[in-house]
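# Analysis of the macromolecular model
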Amino acid sequence: MPTILVLDDSATMVMSLSHILKGAGYDVETGMNGREGITKLTDGIKPAVILTDLNMPELDGIGFIKEARKIASTRFTPIIVLTTESGGRKRDEARAAGASGWLTKPAEPNQLLSVVKQLCPTR
Amino acid sequence: MGETAEANERIVCAILAEQVAALRERMDSTATFELLWRTSALLSWLSGLLGDVSAQSAHAASVNASHPNPVLEREREEAITEIAEIRRALDDLAFLQAQRHDFAKQIADCVVIALERMAVAEMPAGTSFSSADLAALYVSADQRKLHDDVIHRLGL
């Protein structure tokens, strides 16, 4: 099963995303901030898609994307930003850092799964 | 503003910051979400179980050269459809609620930080906390829009 890496500082959001993605047939790895995400990647996790929040402590979403793009195995991995931010400036910043797509919360589960399935079909 | 009035306002800010922080902690709904997800997982399991039971009874009927009960078969199919619909609705509800809950906590965080900065311990006398300082704490376009609407309404 393909693995999705989910990063969000809200435990409820992490659990909710995990539930939706596992129900759709994905393995899920999680982290509560960008630093934990980078640690997972350097530990050898090879996600097919990464979902990340923007506003997180220690290392935020933009910082995470920049660092993830420096790691050979995730240079081209799709990174979707899932955030309450819908502003153009933040979006441009994320795109410049290397984000592949953007979903604004509140998102529908189908919306989320449709994006993830396009990037990474389960079968 | 006199020094005493300014000091009093900062004390009020400090107290309000603590109160909003306490309120934020009480917003924890993890148990509710866990129950929703467990219910959804249980429904999924029941649906699979109904399918297995039906397959087994069809197999037993073929071995015994009899026919499965058509009424039970129809009811099983209806139950599986209903379970799938309820499960989807529960998943949608849990996901949307989790996002709204997260957003509400982020707004509470923003209020706590703003109040703390306006409070006694954070602000030297004579300094101020401007609306631009507040805007720098926002995490969503909705917050910025609300901010702009208030500024506009107050004619500032």
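The preceding data block contains the structure.
Another point: the overall build of chain B. Scanning chain B from N- to C-terminus turns up five helices and zero strands. Starting at the N terminus and walking to the C terminus, you meet the elements of chain B as α-α-α-α-α. A globule of 156 residues ought to have a C-alpha radius of gyration of about 15 Å, yet chain B, at 28 Å, is considerably larger. In terms of its C-alpha atoms, chain B occupies a principal-axis envelope of roughly 95 × 30 × 20 Å. Of all 156 residues assigned to chain B, the portion counted as buried reaches 15%.

The next thing to look at is the nonpolar core. Among the nonpolar cores identified, the biggest contains 36 residues, and Ile4, Val6, Leu17, Leu51, Ile65, Ala68 and Ile80 of chain A are the most heavily contacted of them. Counting residues per element, this core draws most heavily on helix H1 (residues 11–23) of chain A, at five residues. With seven residues, the next largest nonpolar core counts Cys13, Val20, Val112 and Leu115 of chain B among its residues.

As a further point, take the sheet that holds strand E3 (residues 49–52) of chain A. Residue and element names in this part refer to chain A. Across the sheet, which stays open at both edges, the five strands sit in the order E2-E1-E3-E4-E5 with parallel pairing between neighbours. Among the strands making up the open sheet, the edge pair consists of strand E2 (27–31) and strand E5 (101–104). Strand-to-strand twist across the sheet, computed as the mean angle between neighbouring axes with direction ignored, equals 20 degrees. Sheet topology places strand E1 (residues 3–7) next to E2; five bridges connect them, and they run parallel.

Right, let's talk about helix H5 (residues 141–153) of chain B for a bit. Taking 1.5 Å of rise per residue, the 13 residues of H5 of chain B would be expected to cover 18 Å, and the 18 Å separating its terminal C-alpha atoms lies within 8% of that figure. Positive backbone phi, at 65 degrees, marks Gly155 of chain B, one or two positions downstream of H5 of chain B.

Below, the discussion takes up the pairing of strand E4 (residues 79–83) of chain A. All names here are of chain A. Along E4, five of the five residues are buried, which leaves the element largely enclosed by surrounding structure. With burial as the criterion, each face of E4 is covered, one bearing Ile79, Val81 and Thr83 and the other bearing Ile80 and Leu82. Two elements, E3 and E4, share three bridges in a ladder whose sense is parallel. From the neighbouring strand, Ile50 faces E4, where its bridge partner is Ile79. Handedness of the crossover joining E3 and E4 through helix H3 (residues 61–68) is recorded here as right-handed. Here E4 pairs with E5 via four bridges, running parallel.

Taken residue by residue, the interface counts 20 residues in chain B and 18 residues in chain A. Secondary-structure elements contributing two or more residues to the side of chain B that touches chain A are helix H2 (30–63), helix H3 (70–118) and H5 of chain B. Looking at the side of chain B that touches chain A, the element that brings in the most residues is H3 of chain B, giving 13 residues.

Let's shift gears to unusual backbone geometry. All names here are of chain A. Omega for the bond connecting Lys105 with Pro106 falls within 30 degrees of zero, at 0 degrees, which places this linkage in the cis form. Assignment of secondary structure puts Pro106 in the loop between E5 and helix H5 (109–119). Not every positive phi belongs to a glycine, and Glu58 is a case in point at roughly 65 degrees. Relative to the assigned elements, Glu58 resides in the loop between E3 and H3.

Definitions and limits used
Residues numbered from 1 in each chain as written. Chains lettered and ligands numbered in written order. Predicted model: local features only at pLDDT ≥ 70, side-chain atom pairs only at ≥ 80, totals over all residues. Helix = DSSP H or I, 4+ residues; strand = E, 2+ residues; numbered from the N terminus. Rg over C-alpha atoms; globule rule 2.2 N^0.38 Å. Buried ≥ 20, exposed ≤ 12 C-beta atoms within 10 Å, placed from the backbone. Core = buried A, V, L, I, M, F, W, Y, C linked by C-beta atoms within 7 Å. Pairing = 2+ DSSP bridges. Axes fitted to C-alpha atoms, helices over the stretch in contact; angles between N-to-C directions. Expected span 1.5 Å × (residues − 1). Right-handed = clockwise from strand over helix to strand, strands pointing away. Contact = placed C-beta atoms within 7 Å.

By themselves, these are just geometric observations and shouldn't be taken as functional.
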